[in-house]
Amino acid sequence: MPLARSLSVTSLSGLEEWDEEFDLEDAVLFEIAWEVANKVGGIYTVIQTKARLTSDEWGENYFLVGPYVESNVRTQVELIEPTNPALKRTIDKMNSSGCKVYFGRWLIEGSPYVILIDVAFTAWSLDRWKSELWEFCDIGVPWFDREANDAVLFGFLTAWLLGEYAAQCEEPPHIVAHFHEWLAGLGLILCRQRQLPVATIFTTHATLLGRYLCAGNVDFYNKLAEVSKTSLCSLPYIITPNGLNVKKFSAMHEFQNLHAQSKNRIQEFIRGHFYGHLDFNLDKCLFLFIAGRYEFSNKGADIFLEALARLNYLLRVNHSDVTVVAFFIMPARTNNFNVETLKGQAVRKQLWDTAQTVKERFGKKLYESLLVGQLPDISKILDKEDLTIMKRAIFATQRQCQPPICTHNMLEDSGDPILNCVRRIGLFNSSADRVKIIFHPEFLSSTSPLLPMDYEEFVRGCHLGVFPSYYEPWGYTPAECTVMGIPSISTNLSGFGCFMEEHIADPSAYGIYILDRRFRGVDESCNQLTSFLFQFCKQSRRQRIIQRNRTERLSDLLDWRYLGRYYIAARHMALAKAFPDTYLYEPHEPTSASGFRYPRPASVPPSPSLSRHSSPRHSEAEDNDEDERYDEDLEAEKDRVNIRQPLTMPFKNKSPAVYGANGTGDGV
């Protein structure tokens, strides 16, 4: 049975016609999540990037609520006194009653107010609150589960905060409480149980049930209807795709220059990592990557590795001069950097220093020779001492072992899924292999002694992001690639993939490759992924530049200026349901003909062999730059006209909401 999906949820036209404005002067929004000023996963990105848009809408009446984590507060939050009198009285009352509540500004775009609650300080109430939860809500919580205990403490404290704020207001306020994910969701249940005068919203970004079923090799999507009957009994009112703050560049070449700069830094790392075995041309080297939570099968690392093995075979039998380096950025348990990896960077640095020393000596002798009006004698300029220094440096690069797969020492090396799969497929970074693998089991950081780059800079330097996920309700990683002009591979089981497939006539022409994991078996999907990778490897540098330009032009589709409307609709709906005498909400239900799709680029003629995954046409005459540039400018202008066609406001979903992103409803 195909996935049920309502066009109205994702159509991108009609936004400008939706001019319904709510008077929010007497309304207050509390957005509650465990990842407020506390990076754990993708929810942090949702809240952080959406904060500016929400702050612009709600102004001084917008408060984010999260846990107090001292290490995060020191670097991300400016603690101040509340300016809202009722909120100040609320915090003072809670602090005098045995809590520790802090108030400040989160130092991100929009500078939103944050209320941070120290859950550990009230741990003495845990047993009492667990008993109350069982007595009044019939919810049992494991005794020794740290995450569940934190959820109980955080839930009771946020419900306390909301109830106290309502009591401290001189006039009955119109409060909206938006809870993200189950770690914050207990507060919503308590609001209902205590009948607090609060309009409630709950957003789920993924489910543990879906995650574990998919990881357990259950045919989840074909059995979704059965699962829904037994477990997922509540359908969301609104599907909320996730956006990003898109930084637009005044000229197209600016983001291309950033790509070149970041690529050079990755190449420096490669020079050190493969010292002694650097027998491939870095100018013909493509950098691929997969990143995210370490879920081997759910994130598609298994199928990616298998496709890399098949790609390696194709590149070898076709005598390709292209080398592929595939990065796996997935945090796992380690105890330190790999000594051999650190040594590689030290050797690279030593070779660089040696080259600089010889260059300075050479330059000085050359300068002196030219001063006296003589052509230099190379045999005299490079003397025996220089040759000795260079020979010693070359001998230092000799290596008896292969370049390491993993950059760190794994605590569970023998049981690690990625390393075991690498052993099975036999990709050990040997000279004969055209595909190399680097497993970096740690989040990237600009302060790392190994690969000193932050994630955004690293993504910009790569050529292709590969995210063949089996379970991915939305998928921020391919979205981040898109706004940075980096092509990516997603699947038709991810929210992002479905979203793009619905709004782009030929996604791959724009650098968005959609892998079919819904209607194909694993082996067929792997073959399709291998085909995508092989076709990408056959592109010329010019084709890749054209494709990156097109990918970057799609970034407006993912801007919070457009996608934020879904969250606005959810809040307006919640206000209208909780306070019907004050607010009126009428959802818009557009016809299916009102949507639009990005057209296929004019310079990409349909091809029988690549009809669903065409690539930019390579210019037959490289000197025909003016015509090529004209075509690209014309395409860009057409795309800009298309993206100005705005989003449709979503309405209550009447079919199983499996499209993706986040399910939002008022309450549970």
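What counts as what
Residues numbered from 1 in each chain as written. Predicted model: local features only at pLDDT ≥ 70, side-chain atom pairs only at ≥ 80, totals over all residues. Heavy atoms only, no water. Axes fitted to C-alpha atoms, helices over the stretch in contact; angles between N-to-C directions. Helix = DSSP H or I, 4+ residues; strand = E, 2+ residues; numbered from the N terminus. Parallel < 35°, antiparallel > 145°, perpendicular 65-115°, else oblique. Left-handed = near helix turned anticlockwise from the far one by under 90°. Contact = heavy atoms within 4.5 Å. Pairing = 2+ DSSP bridges. Core = buried A, V, L, I, M, F, W, Y, C linked by side-chain atoms within 4.5 Å. Buried < 20%, exposed > 50% of the residue type's maximum accessible area, 1.4 Å probe, protein only. Salt bridge = Lys/Arg side-chain N within 4 Å of Asp/Glu carboxyl O. pLDDT = per-residue confidence, 0-100. Expected span 1.5 Å × (residues − 1). Arc of directions from axis to C-beta. Phe/Tyr/Trp six-rings, centres within 6.5 Å; stacked < 30°, edge-to-face > 60°. Lys NZ or Arg CZ within 6 Å of the ring centre and 35° of its normal.

1. What to know about the packing of helix α11 (residues 301-317) against helix α15 (residues 417-425)
The angle between the axes and the distance between the axes are what describe a pair of packed helices. Packing of α11 against α15 brings their axes to within 10 Å, and their N-to-C directions diverge by 25 degrees. The angle between α11 and α15 falls in the class roughly parallel. Regarding α11 and α15, the two cross each other, and that crossing is right-handed. Across the interface between the two elements, Leu305, Glu306 and Ala309 of α11 pack against Ile418, Cys421, Val422, Arg424 and Ile425 of α15.

2. Here we look at the sheet that holds strand β10 (residues 323-329)
Pairing is parallel across the open sheet formed by six strands, whose spatial order is β13-β10-β9-β14-β15-β16. Either end of the sheet is taken by a strand with one partner, and the two such strands are β13 (435-440) and β16 (512-515). Taken over all neighbouring pairs, the strand axes of this sheet differ in orientation by 25 degrees on average, direction set aside. Sheet topology places strand β9 (residues 285-291) next to strand β14 (residues 464-466); two bridges connect them, and they run parallel. Bridged to phenylalanine 289 within β14 is glycine 465.

3. Details of the nonpolar core
Counting residues in hydrophobic clusters, the biggest one holds 122 residues, and the most contacted among them are Ile270, Leu308, Phe327, Phe328, Phe458 and Leu533. Residue contributions to this core peak at 10 residues, all from helix α21 (residues 560-578). If we ignore the near neighbours within four places in the chain, the residues touching leucine 533 are Leu288, Phe304, Ala307, Leu308, Leu311, Leu464, Val466 and Ile489. The next biggest cluster of nonpolar side chains, apart from the first, holds 46 residues, and it includes Phe63, Cys99, Ile115 and Ile175.

4. Notes on the pattern of salt bridges
If you walk through the whole model with that rule in mind, you get 34 salt bridges. For arginine 571, the salt bridge is made with glutamate 57, and the minimal N-O distance between the two is 2.7 Å. One end of the pair, arginine 571, is in helix α21; the other, glutamate 57, is in helix α2 (residues 42-58), with 514 residues separating them in the sequence. On the basis of relative accessible area, arginine 571 is assigned to the buried category, the value being 1%. Taking relative accessible area as the criterion, glutamate 57 reaches 24% and is therefore assigned partly exposed. Note that aspartate 386 and arginine 361 form a salt bridge whose closest N and O atoms lie 2.5 Å from each other. Linking aspartate 386 in helix α14 (residues 384-396) with arginine 361 in helix α12 (residues 339-371), this pair joins segments that are 25 residues apart in sequence. Owing to a relative accessible area of 0%, aspartate 386 belongs among the buried residues under this scheme.

5. Some remarks on the confidence of the model for the protein chain
Counting all residues, the mean pLDDT for the protein chain is 85, and 83% of those residues have values of 70 or more. Predicted confidence for residues 590-595 stays below pLDDT 50, and this span has eight contacts to residues more than four positions away or in other chains. A low-confidence stretch, residues 644-662 (pLDDT under 50), is modelled with 89 contacts involving residues beyond four sequence positions or located in other chains.

6. Brief notes about helix α4 (residues 85-96)
Across its 12 residues, α4 extends 16 Å between first and last C-alpha, which sits within 8% of the 16 Å expected from 1.5 Å per residue. Every buried residue of α4 is listed here: Ala86, Leu87, Thr90, Ile91 and Met94. Considered in projection along α4, the buried side chains sweep an arc of 130 degrees and stay on one side of the axis. Those residues of α4 that are exposed and aimed more than 90 degrees away from the buried face are Pro85 and Ser96.

7. Regarding the packing of aromatic side chains
Two aromatic rings are characterised by how far apart their centres lie and by the angle between their planes. Under the criterion given, the structure shown has 22 aromatic pairs. Chaining the aromatic ring pairs together yields one cluster made of Phe269, Phe287, Phe289, Phe327, Tyr455, Phe458 and Phe467. Directly above the ring of tyrosine 567 sits lysine 50, whose terminal nitrogen or CZ lies 4.8 Å from the centroid.

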